[in-house]
Amino acid sequence: MSVDALDVTFAALADPTRRAILARLKVGEATVTELAAPFDMTQPAISKHLKVLERAGLISRGRDRQRRPCRLETAALKEATDWLEGYRSFWADRYDNLDTLLSELKEEDTRHE
């Protein structure tokens, strides 16, 4: 994933309303009206959030007769998760090293007592 794509993905995820929309879409597709229902904002405001999510590749919009359902798209989330995974591994290694050091220090203290 390019740095620009990551920037767009993380910028989209930075907003709590957009994260709530993604959480709702995890359950299944929904229309703009359905997505707007739990929020105290206008449909145009929700549509702006949806455009940000769509540009980031996190959702797609389809057409089903009169309905225009939104769907969760997982590829961008997977790429962001994969990028974050490298840092999780880094910190896990650091904690393992710290555990080893603390065990060695504890053994040393035990020997000196």
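For every chain, the first residue of its written sequence is number 1, and the numbers climb from 1 along that sequence. Per-residue local features are limited, in this predicted model, to residues with pLDDT of at least 70; the limit for side-chain atom pairs, both in listing and counting, is 80 or more; totals at the level of whole chains, interfaces and linings are taken over all residues. The basis for the side-chain values is all heavy atoms of the structure; hydrogens and waters are excluded.

## A word on a negative patch on the surface
What makes a patch is a set of residues exposed beyond 30% relative accessible area and free of salt bridges, joined within 9 Å when like-charged and within 5 Å when nonpolar (Val, Leu, Ile, Met, Phe, Trp, Tyr). For every accessible area listed, the method is Shrake-Rupley and the probe measures 1.4 Å; residues are considered covered only by the protein chains on display. Salt bridge, as applied in this entry: a Lys or Arg side-chain nitrogen positioned within 4 Å of an Asp or Glu carboxyl oxygen. Neither His nor the chain termini are counted; the positive set is Lys and Arg, and the negative set is Asp and Glu. To locate a charge, the coordinates of NZ of Lys, CZ of Arg, CG of Asp or CD of Glu are taken. Taken together, the side chains of Glu-104, Glu-107, Glu-108, Asp-109 and Glu-113 define an acidic patch exposed on the protein surface. By definition, any uninterrupted DSSP run of H or I lasting at least four residues is a helix, any uninterrupted run of E lasting at least two residues is a strand, and each is numbered from the N terminus. Within the secondary structure, Glu-107 is located in helix 5 (residues 75-112). Given a relative accessible area of 49%, Glu-107 falls into the partly exposed group. Each residue is placed in one exposure class: buried if its accessible area under a 1.4 Å probe, protein chains only, is under 20% of its type's maximum, exposed if it is over 50%, and partly exposed if it falls in between.

## Things to note about helix 4 (residues 43-55)
Helix span, expected: 1.5 Å multiplied by one less than the number of residues in the helix. Helix length check: helix 4, at 13 residues, gives a terminal C-alpha distance of 18 Å against a target of 18 Å (1.5 Å per residue), a fit within 8%. Note on contacts: a residue pair is in contact if any heavy atoms of the two residues lie within 4.5 Å. Each element contacted by the buried residues of helix 4 is listed here: helix 1 (3-13), helix 2 (16-27), helix 3 (32-36), strand 1 (59-61) and strand 2 (70-72). In the stretch just after helix 4, Gly-57 is the one whose phi turns positive, near 80 degrees.

## Points about the nonpolar core
Nonpolar side chains tend toward joint burial in soluble globular proteins. For our purposes a nonpolar core is just a set of buried Ala, Val, Leu, Ile, Met, Phe, Trp, Tyr and Cys residues, chained together by side-chain atoms within 4.5 Å. Formed by 17 residues in total, the largest nonpolar core has its most connected members in Leu-35, Leu-50, Leu-53 and Leu-58. Looking at this core, the elements with two or more residues in it are helix 1, helix 2, helix 3 and helix 4. Ignoring sequence-local partners within four residues, the contact set of Leu-50 consists of Ile-21, Val-32, Leu-35, Ile-59, Arg-61 and Cys-70.

## Examining the environment of Ala-12
The topology assignment puts Ala-12 in helix 1. The spacing of Ala-12 and Gly-62 is 50 residues in sequence and 20 Å in space, taken between C-alpha atoms. Setting aside residues no more than four positions away along its own chain, Ala-12 makes contact with Arg-18, Val-52, Leu-53, Ala-56 and Leu-58.

The values reported here are purely geometric and, on their own, carry no functional implication.
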